[in-house]
Amino acid sequence: MIKIPLLKDHHNHFFTYSALNNAIDLFNVNAKDIALKTISEQQNPKMTIAKGWFDTYYNFAQTDINRFPPLIIINNSLHKYLFNKAAAEIIKLDFPEWVKNNNNQNWVEKNLMQIISYISRFYKFNKDDYETALNILLAKGVYFASDMFVTDTAIIDFLSENSQNKRTEIWTSPNLFPKLNNKQKSVCKGVKIFTDGALGAYTAAIKNYKINSNPILTHTNTELSQKIEQLLDFNTGIAIHCIGDIAIEQTITCLENHKNRLGKYPVRLEHAQFITKKQAFKAKDLGLTLSMQPNFNMDSIIYSDRLDKEYCKANNPFRMLIDDASFIPGKDLILGSDGMPTGIEGCIQQSIFPPIPEQKLSLDEFVSAYCIDNTKYGHIEIEIDQLKKKIISRIIFKNNLQY
Ligand SMILES: [Zn+2]
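Treat the numbers as computed from the prediction; the structure is a model and nothing was measured.

What counts and what doesn't
- Residues numbered from 1 in each chain as written.
- Predicted model: local features only at pLDDT ≥ 70, side-chain atom pairs only at ≥ 80, totals over all residues.
- Heavy atoms only, no water.
- Buried < 20%, exposed > 50% of the residue type's maximum accessible area, 1.4 Å probe, protein only.
- Helix = DSSP H or I, 4+ residues; strand = E, 2+ residues; numbered from the N terminus.
- Pairing = 2+ DSSP bridges.
- Patch = residues over 30% accessible without salt bridge, like charges linked within 9 Å, V, L, I, M, F, W, Y side chains within 5 Å.
- Areas by Shrake-Rupley, 256 points an atom, 1.4 Å probe, with all protein chains shown as cover.
- Salt bridge = Lys/Arg side-chain N within 4 Å of Asp/Glu carboxyl O.
- 1 Å grid on protein atoms, 1.4 Å probe; cavity = no way out; pocket = protein on both sides within 12 Å on 5 of 7 lines; lining within 4 Å.
- Points joined across faces, edges and corners; volume = space filled by probe spheres on them.
- Nonpolar A, V, L, I, M, F, W, Y, C, P; charged D, E, K, R; others polar.
- Domains from an automatic or database assignment.
- Axes fitted to C-alpha atoms, helices over the stretch in contact; angles between N-to-C directions.
- Parallel < 35°, antiparallel > 145°, perpendicular 65-115°, else oblique.
- Left-handed = near helix turned anticlockwise from the far one by under 90°.
- Contact = heavy atoms within 4.5 Å.
- Arc of directions from axis to C-beta.
- Phe/Tyr/Trp six-rings, centres within 6.5 Å; stacked < 30°, edge-to-face > 60°.
- Lys NZ or Arg CZ within 6 Å of the ring centre and 35° of its normal.
- Buried area = accessible area lost by both parts, 1.4 Å probe.
- Polar contact = N/O pair within 3.5 Å; in protein donor to acceptor, adjacent residues only side chain to side chain.

## With respect to the pairing of strand β7 (residues 142-147)
Argument step 1. Counted residue by residue, β7 has 6 buried out of 6 residues, so it is predominantly covered.
Argument step 2. The sheet contact formed by strand β2 (residues 7-9) and β7 spans 3 bridges and is parallel. Considered in β7, the bridge of Asp 9 is made with Ala 145.
Argument step 3. Two strands pair when backbone bridges link them, and β7 and strand β8 (residues 168-172) are joined in this way by 3 bridges, in the parallel orientation.

In structure tokens form, the structure reads like this:
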């Protein structure tokens, strides 16, 4: 048995997921009839929200969902949304563009964070839910979780008034950041932008998919370069979502245009799942941090319906990043979950015994890139069965921890 510290999840959506803790969870559902039964048993007459839907397994027709009271269904990737007629009537009142454009994936990708923020606001932020959510985190082996996109100023104000908070950090939108006062700005680690979509919605910008797809770059090169220039003026961190090799290439090219302005604040590439060796060397050269998710190693299996063999193999190439491009776990290679799912169970097995050998991390590398630096508040016991290639983990933690 080996003891490791609790996790520090560098890329999560802690507040959004906390709000959505109350939503129906379809994560473990793999058939439409079960999904519909689950929704009908747990519906809320005002607005029912269901998350964790995998369109790899099943799809909904409008006729399936129109018989329910207001209902929004969120794809597990958070990049695809469905709502019924009754929900459309409500959404129309304060977010009519979404109703008009929900079938336009291009628009959805560009307005993703507005959509997620809008949905999570059906649940008002309060301190009790926050504390409950922190306890849920602990039970999953996570001491610290970031939220990559907070636009609810109630949360920002709460954090700036509770400066002892050591268990979360937040990033915000480039639209909101300049409007914040200095106190509010000081609790934001930085701002986050998107350059492509996601594999779950067939919109991550990779060169080719096996099946019908819609790879999306949310900016032209000129637009992205200008955007980066504007973000550098904010004097804060910058997190750039880029999953596909095309989006990573574009991001690196645009960052190179501002090379002499980089280095003062962290610039992170989020996901970087299909980063090539050439891109990795350039990213290292520019001093970028790669913020990656070993739980997405599994995409090589679950998305083999859409990814060809070469892409399945190229997903999360941790060995190349560490051994060849000299990224250092915990320094410029940091790990998180994106909340899909949050916790030790979803990542340790895939890190030590990944589906693709290139994805393997040693336990030391895992701890450096994914754990806090002490065991004051608890720890995780790990048993590695080399023969069965299985990991058993047990979480030991102190109850009722203060935040
Ligand atoms: Zn994310």
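That was the structure; now back to the text.
## So, a nonpolar patch on the surface
Argument step 1. Residues Tyr 57, Met 298, Ile 301 and Ile 302 make up a contiguous nonpolar surface patch of about 340 Å² in total accessible area.
Argument step 2. The topology assignment puts Met 298 in the loop between β12 (289-292) and α14 (299-302).
Argument step 3. When its relative accessible area of 32% is taken as the criterion, Met 298 is described as partly exposed.

## Concerning the layout of surface pockets
Argument step 1. Here the largest pocket defines a volume of roughly 760 Å³.
Argument step 2. Lining of the largest pocket is provided by 34 residues; of these, Lys 140, Gly 339, Met 340, Pro 341 and Thr 342 occupy positions nearest its centre.
Argument step 3. Broken down by secondary-structure element, the contributors of at least two residues to the lining of the largest pocket are α1 (14-20), β4 (48-53), α8 (127-139), α17 (345-352) and β15 (390-397).
Argument step 4. Each residue belonging to the lining of the largest pocket can be placed in one class, and the counts come to 15 nonpolar, 14 polar and 5 charged.
Argument step 5. Per-domain counts for the lining of the largest pocket show at least three residues from each of domain 1 (7-12 + 128-397) and domain 2 (23-120).

## Here's the deal with the pattern of salt bridges
Argument step 1. This structure, assessed with the given rule, holds 16 salt bridges.
Argument step 2. Glu 169 is the partner of Lys 189 in a salt bridge, and the nearest nitrogen-oxygen pair spans 3.8 Å. Within this pair, whereas Lys 189 is found in strand β9 (residues 188-194), its partner Glu 169 is found in strand β8, the two being separated by 20 residues in sequence.
Argument step 3. Among the residues examined, Lys 189 registers a relative accessible area of 39% and is labelled partly exposed.
Argument step 4. Given the relative accessible area of 11%, Glu 169 is considered buried.
Argument step 5. In this structure, Lys 277 and Asp 324 form a salt bridge, with 3.5 Å as the shortest nitrogen-oxygen distance. With Lys 277 in helix α13 (residues 277-285) and Asp 324 in helix α16 (residues 318-324), this pair connects stretches of sequence that are 47 residues apart.
Argument step 6. According to the relative accessible area criterion, Lys 277 is partly exposed, its value standing at 44%.
Argument step 7. What you see here is one network of salt bridges that share partners, running through Arg 319, Asp 323 and Glu 365.

## A word on the packing of α17 against helix α18 (residues 363-370)
Argument step 1. α18 packs onto α17 with a crossing angle of 140° between their chain directions and a minimal axis gap of 10 Å. If you check the angle between α17 and α18, you find them oblique. For α17 against α18, the interelement crossing comes out right-handed. Every residue of α18 that contacts α17 at Cys 347, Ile 348, Ser 351 and Ile 352 is listed here: Leu 363, Phe 366 and Tyr 370.

## Section: empty space enclosed by the protein
Argument step 1. Per the stated rule, a full pass over the model turns up 1 cavity of 30 Å³ or more.
Argument step 2. Counted as a void, the largest cavity has a volume near 230 Å³.
Argument step 3. Lining the largest cavity are 20 residues, with Phe 15, Thr 16, Ala 19, Ser 120 and Ile 155 sitting closest to its centre.
Argument step 4. At the level of secondary structure, the elements contributing two or more residues to the lining of the largest cavity comprise α1, α7 (112-120) and α8.
Argument step 5. Residue contributions to the lining of the largest cavity peak at 4 residues, all from α1.
Argument step 6. A class-by-class count of the residues in the lining of the largest cavity yields 8 nonpolar, 7 polar and 5 charged.

## A look at helix α4 (residues 85-94)
Argument step 1. By the burial criterion, the buried members of α4 are Ala 87, Ala 88 and Ile 91. Viewed along the axis of α4, the buried residues span an arc of 100°, placing them on a single side of the element. Pointing more than 90 degrees away from the buried face of α4 are the exposed residues Lys 85 and Leu 93.
Argument step 2. Buried residues in α4 make contact with β5 (71-75), β6 (81-83), α5 (96-101) and α7.

## Quick notes on the side chain of Glu 381
Argument step 1. Mapped onto the elements, Glu 381 comes out in strand β14 (residues 378-385).
Argument step 2. Taking relative accessible area as the criterion, Glu 381 reaches 16% and is therefore assigned buried.
Argument step 3. Those residues in contact with Glu 381 that sit more than four places away from it in its chain are Met 1, Ile 2, Ile 392, Ser 393, Arg 394 and Ile 396.

## Observations concerning the packing of aromatic side chains
Argument step 1. Here the structure, examined in full by the defined rule, presents 22 aromatic pairs.
Argument step 2. Residue placement shows Arg 306 over the ring face of Tyr 202; its charged tip is 3.9 Å from the ring centre.
Argument step 3. Over the aromatic face of Phe 353 sits the side chain of Lys 360, whose NZ or CZ is 5.6 Å from the ring centroid.

## What about the domain arrangement of the chain?
Argument step 1. Split into domains, the chain comes out as domain 1 (7-12 + 128-397) and domain 2 (23-120).
Argument step 2. The gap between the C-alpha centroids of domain 1 and domain 2 is 25 Å.
Argument step 3. Tallying the contact residues gives 20 residues for domain 1 and 16 residues for domain 2.
Argument step 4. Buried area between domain 1 and domain 2, summed over both chains or domains, comes out near 1500 Å², and the portion from carbon and sulfur atoms is 65%.
Argument step 5. Of all residues in domain 1, Phe 149, Phe 194 and Met 340 give up the largest surface area on contact with domain 2, accounting jointly for 29% of the area buried on that side.
Argument step 6. Inspection of the region where domain 1 meets domain 2 yields 0 salt bridges.
Argument step 7. Taken together, the connections running from domain 1 to domain 2 amount to 2 residue pairs in polar contact (both at pLDDT 80 or more).
Argument step 8. Taken together, the residues that form the side of domain 1 that touches domain 2 break down as 10 nonpolar, 7 polar and 3 charged.

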